[in-house]
Amino acid sequence: MHVAAESVTVFTEVERKLEAAIEGFFGAMFRGRVQPTEIARRLERELDERKVVGPNSVVAPNVFTATLHPDDQRELQAALAVVVPELEQFVTQIAAERSLRLAGRVTVTLEADAALKRGTMSITSSIQPTVSIPASEPAVAPGLITRGLLLREGDRAGAVVELGEELVIGRDESCGLRCDERSVSRRHARLQWDGEQTIVEDLGSTNGTFVNRQRVTRCRLKPGDTLRVGGRTFEYKVVRRL
């Protein structure tokens, strides 16, 4: 595919970062399979082909799903913490260079479909405004230390969701923190307070749970840690209410 001149610099940079992320062990594992740089090229094409021309601006998709054969998707899992943020940054930069307006933050999700052949992929996209999750505001006694998740949308801070003894994050209506987007599993992750610390546990999600950009199965959260669930990013906070 021909890469537009204005994207060459950005693509070269993202290609360098992606290749650095999968060199050595990952490089051998991906040889002959779907390469992250190939996904980047397909995302660029999707961004351009699915843009919508409005009266005052050109709006481009901001939510992307790359569907791969289950074996290809599984091989990429170990590098998702590095690959996915770089792909999202790449799309964001391409949109800015082409003066395309994005309705919300860019999210890229990798899914699996056994109907696809190995080494192939399909890309779908949509225009989805970023919607902040409303804060939960239970009564809190003065001076009580409370724990919460601060929703982050890029560089902007959104609502704070206070944590109780247990909080499940996912698409299912029964979840205490519901994130209604395809990149989030029905029951994606659980946060529990054991009396001394908050533990986050992945519940077998498709796209993984990440703490400080590292994929985790179960780990302790420290104040300031970044928690990523699908396309949503949170900061774990401990505050004292006056």
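Given the structure is predicted, the values throughout are model-derived calculations rather than measurements.

On to the overall build of the chain. Counting its regular elements, the chain contains five helices and 17 strands. For the chain, the accessible surface area stands at approximately 12,300 Å², while carbon and sulfur atoms represent 49% of it.

Taking strand neighbours across the sheet as the criterion, the three strands line up as 1-2-4 in an open arrangement whose pairing is mixed. What marks the edges here is a single partner per strand, and that holds for strand 1 (52–53) and strand 4 (101–102). Summarising the sheet, strand 2 (residues 58–60) and strand 4 pair through two bridges and their orientation is parallel. Within the sheet, the bridge partner assigned to Val 59 lies in strand 4 and is Arg 101.

One pass over the full model with this rule turns up 15 salt bridges. Residues Arg 182 and Glu 111 are paired through a salt bridge, measuring 3.1 Å at the closest nitrogen-oxygen approach. With a gap of 71 residues between them, Arg 182 in the loop between strand 10 (177–178) and strand 11 (189–193) and Glu 111 in strand 5 (residues 107–112) connect regions that are remote in the sequence. A relative accessible area of 16% places Glu 111 in the buried class. Linked through salt bridges whose partners overlap, the residues forming this network are Asp 71, Asp 72, Arg 74, Glu 75 and Arg 118.

With that settled, the discussion passes to the side chain of His 188. Looking at the element boundaries, His 188 is found in the loop between strand 10 and strand 11. A polar contact is formed between the side chain of His 188 and the side chain of Ser 205, at a distance of 3.3 Å.

Time to look at the nonpolar core. One finds Ile 39, Leu 43, Leu 47 and Leu 110 to be the most contacted residues of the largest nonpolar core, which totals 27 residues. Those elements giving two or more residues to this core turn out to be helix 3 (36–49), strand 3 (63–68), helix 5 (80–97), strand 5 and strand 6 (121–126). The element contributing the most residues to this core is helix 5, with nine residues. Sequence-distant contacts of Ile 39, that is, excluding residues within four places in its chain, are made with Val 34, Ala 66, Leu 76, Leu 87, Leu 110 and Met 121. In terms of nonpolar packing, the next biggest core, distinct from the first, is built from 19 residues, Cys 179, Val 184, Leu 191 and Val 216 among them.

Looking now at the layout of surface pockets. For the largest pocket, the calculated volume is near 500 Å³. Along the walls of the largest pocket sit 18 residues, with Pro 85, Glu 88, Arg 105, Arg 228 and Thr 233 positioned nearest its centre. Secondary structure elements with two or more residues in the lining of the largest pocket: helix 5 and strand 16 (226–229).

Calculation notes
- Residues numbered from 1 in each chain as written.
- Predicted model: local features only at pLDDT ≥ 70, side-chain atom pairs only at ≥ 80, totals over all residues.
- Heavy atoms only, no water.
- Helix = DSSP H or I, 4+ residues; strand = E, 2+ residues; numbered from the N terminus.
- Areas by Shrake-Rupley, 256 points an atom, 1.4 Å probe, with all protein chains shown as cover.
- Pairing = 2+ DSSP bridges.
- Salt bridge = Lys/Arg side-chain N within 4 Å of Asp/Glu carboxyl O.
- Buried < 20%, exposed > 50% of the residue type's maximum accessible area, 1.4 Å probe, protein only.
- Polar contact = N/O pair within 3.5 Å; in protein donor to acceptor, adjacent residues only side chain to side chain.
- Core = buried A, V, L, I, M, F, W, Y, C linked by side-chain atoms within 4.5 Å.
- Contact = heavy atoms within 4.5 Å.
- 1 Å grid on protein atoms, 1.4 Å probe; cavity = no way out; pocket = protein on both sides within 12 Å on 5 of 7 lines; lining within 4 Å.
- Points joined across faces, edges and corners; volume = space filled by probe spheres on them.

Keep in mind that these numbers describe shape and distance, not what the molecule does.
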